[in-house]
Amino acid sequence: MSNDLPDGVERRQFDGTDRLATRGEPVYGEPTAEEWRAWDPNRSKLGAMLDLEMDTGLEGGETVLYLGAASGTTVSHVADFAGPTYAVEFAPRPARDLLEAAESRPRLFPLLKDARKPETYAHVVESDLDVIVQDVATRGQARVALENARFLDADGRLLLAVKARSEDVTRDPAAVFEDVQTDLETGYEILETQRLEAYHTAHLGIVARPR
């Protein structure tokens with residue numbers, strides 16, 4: 001797989017700056033040009049992973065489970081270029097914004113659920129998905145990824161943004177990342193890791209596939 005951007009994601013000019021963009025209705029006040037809207041890597045871990053040219057394996061049109069959708073900043077971009085996109089968010093307040101983002105996106109399915117309890121949405125989410133995107137601010141981020149692996153196709157991809165401070169605010173992020181990777185490797189093969197420091201402090205991007 002190459003580092004080419006997925007179909008439906010392009011680098012476009014906004015105010016003279018070259019930026020990632022998708023086609024769709026604006027969601028969070030991002031700059032727009034014609035029908036394109038800028039994808040801000042400072043507000044999106046997946047945007048940062050793409051901007052840093054990590055090999056996400058995304059090609060466009062994938063079926064996606066997005067864990068930790070919050071108010072829809074990133075998942076709205078995903079739904080602009082992917083296929084059916086299931087967006088799991090636990091907190092009611094951001095979920096209201098997520099519902100709004102979904103109004104103009106027929107492929108985006110918001111679920112007010114807890115990503116730590118996949119059994120509560122297993123009846124809704126299809127199996128053999130192409131991709132899980134995970135950005136949850138909780139302890140046990142590897143555990144969440146392992147619990148949700150049931151939805152992934154054997155050749156599917158996990159695109160995980162690990163937030164060190166959600167695991168342990170007192171420890172060195174590098175040590176936290178090492179522990180998360182060790183846990184993750186009980187169920188996934190890690191293909192690539194990269195610090196997202198350019199855009200997100202104490203975050204690690206991980207691309208993995210199920211074992």
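Our structure is the block above this text.
Residues numbered from 1 in each chain as written. Predicted model: local features only at pLDDT ≥ 70, side-chain atom pairs only at ≥ 80, totals over all residues. Heavy atoms only, no water.

With that out of the way, let us pick up the pattern of salt bridges. With the rule as written, the count across this model stands at 16 salt bridges. For Asp 80, the salt bridge is made with Arg 37, and the minimal N-O distance between the two is 2.9 Å. Residue Asp 80 is found in helix α2 (residues 73–81), and its partner Arg 37 is found in strand β4 (residues 36–38); the two are separated by 43 residues along the sequence. A relative accessible area of 0% places Arg 37 in the buried class. (Salt bridge = Lys/Arg side-chain N within 4 Å of Asp/Glu carboxyl O. Helix = DSSP H or I, 4+ residues; strand = E, 2+ residues; numbered from the N terminus. Buried < 20%, exposed > 50% of the residue type's maximum accessible area, 1.4 Å probe, protein only.)

Read across the sheet, 4 strands follow the order β1-β2-β4-β3 without closing on themselves; strand pairing throughout is antiparallel. Lying at the two open borders of the sheet, with one neighbouring strand each, are β1 (9–14) and β3 (32–33). (Pairing = 2+ DSSP bridges.)

Our focus in this paragraph is unusual backbone geometry. Even without glycine at this site, Asp 15 takes up a positive phi of about 50°. In this fold, Asp 15 is placed in the loop between β1 and β2 (17–23). Classification of Asp 15 by relative accessible area gives exposed; the value is 77%. A positive phi angle, close to 55°, is found at Ala 202, a residue other than glycine. Among the structural elements, Ala 202 can be located in the loop between β10 (188–195) and β11 (203–210). Classification of Ala 202 by relative accessible area gives buried; the value is 3%.

Turning our eyes to something else, we now look at the sheet that holds strand β7 (residues 108–112). In space, the 7 strands of this open sheet follow the order β7-β6-β5-β8-β9-β11-β10, with mixed pairing throughout. The sheet is open, and its two borders are formed by β7 and β10, each paired with just one other strand. For this sheet the average axis-to-axis angle between neighbouring strands, irrespective of direction, equals 15°. In terms of strand pairing, β10 meets β11 through 7 bridges, oriented antiparallel. Residue pairing across strands places Gln 194 opposite Gly 205, the latter belonging to β11. Seen against the sheet, helix α4 (residues 141–148) touches β5 (64–67), β8 (129–134), β9 (152–163) and β10 and runs at an angle of roughly 165° to β9. (Axes fitted to C-alpha atoms, helices over the stretch in contact; angles between N-to-C directions. Contact = heavy atoms within 4.5 Å.)

Just geometry here; none of it tells us what the structure is for.
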